[in-house]
Amino acid sequence: MKTIFSLAVLATLALTSCKKDYTCACTTTVHQPEISFGGDVYQEESTTTTPSSTTIKDKKDEAKTKCESMNGTTTTETSWSQSGFGDPTTTTVKCQIQ
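Conventions used here
- Residues numbered from 1 in each chain as written.
- Predicted model: local features only at pLDDT ≥ 70, side-chain atom pairs only at ≥ 80, totals over all residues.
- Heavy atoms only, no water.
- Pairing = 2+ DSSP bridges.
- Helix = DSSP H or I, 4+ residues; strand = E, 2+ residues; numbered from the N terminus.
- Axes fitted to C-alpha atoms, helices over the stretch in contact; angles between N-to-C directions.
- Contact = heavy atoms within 4.5 Å.
- Disulfide = S-S within 2.5 Å.

Asks: Quick rundown of the sheet that holds strand S4 (residues 46-58)? Include the residues and the values.
Replies: The strand order across the open sheet formed by 4 strands is S4-S1-S6-S5, and the pairing between neighbours is antiparallel. One side of each edge strand has no neighbouring strand; the edge strands of this open sheet are S4 and strand S5 (72-76). Sheet twist, expressed as the average angle between the axes of neighbouring strands with direction ignored, equals 20°. Sheet topology places strand S1 (residues 20-32) next to strand S6 (residues 89-97); 8 bridges connect them, and they run antiparallel. From the neighbouring strand, Val-30 faces S6, where its bridge partner is Thr-91. Taken strand by strand, helix H2 (residues 60-68) contacts S1, S4 and S6, and its axis lies near 150° from that of S4.

In structure tokens, the structure reads:
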């Protein structure tokens, strides 16, 4: 009887999800380069950083993987950069579980 009870408890624990709420904290940085033509500056160089967070309910390893999958860098061509008067805008996202 004890063996059956012990097995039932172990089976219940094995089937019980270990999902918890984890906070995925991100920082988004947008870098806009200077735009100039003929010595005139039309847009000053600027960098904007914005924090954000989201809650992920999952197992710790899975939550970490989902959170870190949001990391990355993208570049966006503008009409100015396509014409050779500046570099593209760069957006970088860095996320980590807290």
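Asks: Talk me through the state of the cysteines; I want residue IDs and the actual numbers.
Replies: This structure, assessed with the given rule, holds 2 disulfides. Through a disulfide, Cys-24 is tied to Cys-67; the S-S separation comes to 2.0 Å. Measuring handedness by torsion sign, the sulfur bridge of Cys-24 and Cys-67 sits at about 80° and is right-handed. Of this pair, Cys-24 sits in strand S1 while Cys-67 sits in helix H2, placing them 43 residues apart in sequence.

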